[in-house]
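These are the residues of each chain, in order.
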Amino acid sequence: MTFSRAIKIAPSILAADFANFGAECRAVEDQGADWVHVDVMDGHFVPNITFGPATCAAIRPHIRGVMDVHLMIAPVDPYIDGFAKAGADFITAHMEAGPHIHRTLQAIRASGAKAGLALNPGTGLDGVENLLDMLDLVCVMTVNPGFGGQKFIDMTDKVQRLRAMIGARPIHIEIDGGITPDTAPLMARAGADVLVAGSAVFKGGSVEHPAPYGDNIRAIRAAAEGAVGVAV
Ligand code: DX5
Ligand code: ZN
């Protein structure tokens with residue numbers, strides 16, 4: 001996987017048909033998704049429960065490209081190897097999930113996965129600077145995590161400051177929550193390169209009728225690329 005700051009659209013399967021994850025992953029990739037974003041929730045760190053490593057392992061053969069696993073769980077460390085063995089390319093843990101994020105990021109890299117750090121809307125960039133050398137991705141949450149379909153919280157200033165802090169380091173800036181063709185340009189302009197979108201990708205489509213997934217992905221990508229001056 002070579003590093004690139006080109007815009008990547010990462011559909012969140014939180015908005016997919018839970019009885020049909022394999023086919024949903026194949027459908028969004030066929031329709032132009034760059035990464036597949038997998039939201040793991042524990043009913044403790046966030047007020048909702050999704051699934052764990054066994055489901056990730058079952059999904060993995062249905063994803064040709066990048067499997068981006070977002071852990072909204074606490075504690076994180078006992079489960080890292082399970083998600084790595086399930087085939088996660090990126091494992092992202094929350095700054096707020098425990099007192100030892102440095103140890104968690106070390107463990108993610110040691111597992112062979114790329115390491116991501118997620119920041120809730122209420123969390124600042126204090127402390128991120130000390131972690132930069134351990135990071136492959138920073139996920140800026142633009143909703144409070146736990147549910148899809150929430151209203152976008154503008155984090156333009158945080159993303160701009162993070163982009164400046166990252167400089168030339170090969171660290172992705174991912175935005176998660178409330179991404180649509182209206183909000184994607186703000187985040188792309190501020191410096192994001194990975195845009196997670198659940199409801200805005202899956203709306204109007206299904207495994208039997210996946211063309212809307214492609215229309216939705218193209219609309220988000222065009223809006224984002226238009227904002228950063230990429231020819232579309
Ligand atoms: C929120 C999740 C997101 C969510 C995005 O806790 O981490 O990935 O599924 O969904 P939308 O795009 O609908 O806000
Ligand atoms: Zn997510």
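What counts and what doesn't
Residues numbered from 1 in each chain as written. Chains lettered and ligands numbered in written order. Predicted model: local features only at pLDDT ≥ 70, side-chain atom pairs only at ≥ 80, totals over all residues. Heavy atoms only, no water. Core = buried A, V, L, I, M, F, W, Y, C linked by side-chain atoms within 4.5 Å. Buried < 20%, exposed > 50% of the residue type's maximum accessible area, 1.4 Å probe, protein only. Pairing = 2+ DSSP bridges. Helix = DSSP H or I, 4+ residues; strand = E, 2+ residues; numbered from the N terminus. Axes fitted to C-alpha atoms, helices over the stretch in contact; angles between N-to-C directions. Contact = heavy atoms within 4.5 Å. Near = heavy atom within 4 Å. Polar contact = N/O pair within 3.5 Å; in protein donor to acceptor, adjacent residues only side chain to side chain. Nonpolar A, V, L, I, M, F, W, Y, C, P; charged D, E, K, R; others polar. Donors = N, O, S within 2.8 Å, 3.2 Å for Na, K, Ca; no water. Tetrahedral: all angles 85-135°; square planar, octahedral: opposite > 155°, others 65-115°.

## Overview of the nonpolar core
Then comes step 1: Counting residues in hydrophobic clusters, the biggest one holds 73 residues, and the most contacted among them are Ile 13, Ile 91, Val 128, Ile 175, Ile 179, Leu 195 and Ile 220.
Then comes step 2: Counting residues in each nonpolar core, the second largest holds eleven residues, with Val 66, Ala 118, Met 141 and Val 196 among its members.

## A few points about the sheet that holds strand S4 (residues 90-94)
Then comes step 1: The eight strands lie next to each other as S1-S8-S7-S6-S5-S4-S3-S2, forming an open sheet whose pairing is parallel. The open sheet is flanked by strand S1 (8-11) and strand S2 (35-41), the only strands paired with a single partner. Taking the axes of each pair of neighbouring strands and ignoring which way they run, one obtains an average angle of 25 degrees across the sheet.
Then comes step 2: In this sheet, strand S3 (residues 66-72) lies alongside S2 in parallel orientation, the contact comprising seven bridges. Note that in S3 the partner of Met 41 across the bridge is Met 72.
Then comes step 3: Along the sheet face, helix H4 (residues 101-110) touches S4 and strand S5 (114-119) and points at about 150 degrees away from the line of S5.
Then comes step 4: Along the sheet, helix H5 (residues 156-166) makes contact with S5, strand S6 (137-141) and strand S7 (172-176), crossing S7 at roughly 165 degrees.

## Considerations on the site of ligand 1
Then comes step 1: In the vicinity of ligand 1 there are 20 residues, among which Asp 39, Gly 146, Asp 176, Gly 198 and Ser 199 approach most closely.
Then comes step 2: In this structure, an oxygen atom belonging to ligand 1 sits 3.1 Å away from a side-chain N or O atom of Ser 12.
Then comes step 3: Interatomic distance of 2.8 Å between a backbone N/O atom of Gly 178 and an oxygen atom of ligand 1.
Then comes step 4: Elements supplying a minimum of two residues to the shell around ligand 1: S2, S3 and strand S8 (194-197).
Then comes step 5: It is S2 that provides the largest number of residues to the shell around ligand 1, a total of three residues.
Then comes step 6: By residue class, the composition of the shell around ligand 1 is eight nonpolar, ten polar and two charged.

## Looking at the coordination of the zinc ion (ligand 2)
Then comes step 1: Taken together, the protein donors to the zinc ion (ligand 2) comprise His 37 (NE2), Asp 39 (OD), His 70 (ND1) and Asp 176 (OD), at separations of 2.0 to 2.3 Å.
Then comes step 2: Taken together, the six donor atoms coordinating the zinc ion (ligand 2) span angles of 68 to 171 degrees at the metal, a pattern that classifies the geometry as octahedral.
Then comes step 3: Positions of the donor residues of the zinc ion (ligand 2) along the chain correspond to the pattern H-x1-D-x30-H-x105-D. Placement of His 70 in strand S3 and of Asp 176 in strand S7 is noted, with a sequence separation of 106 residues between them.

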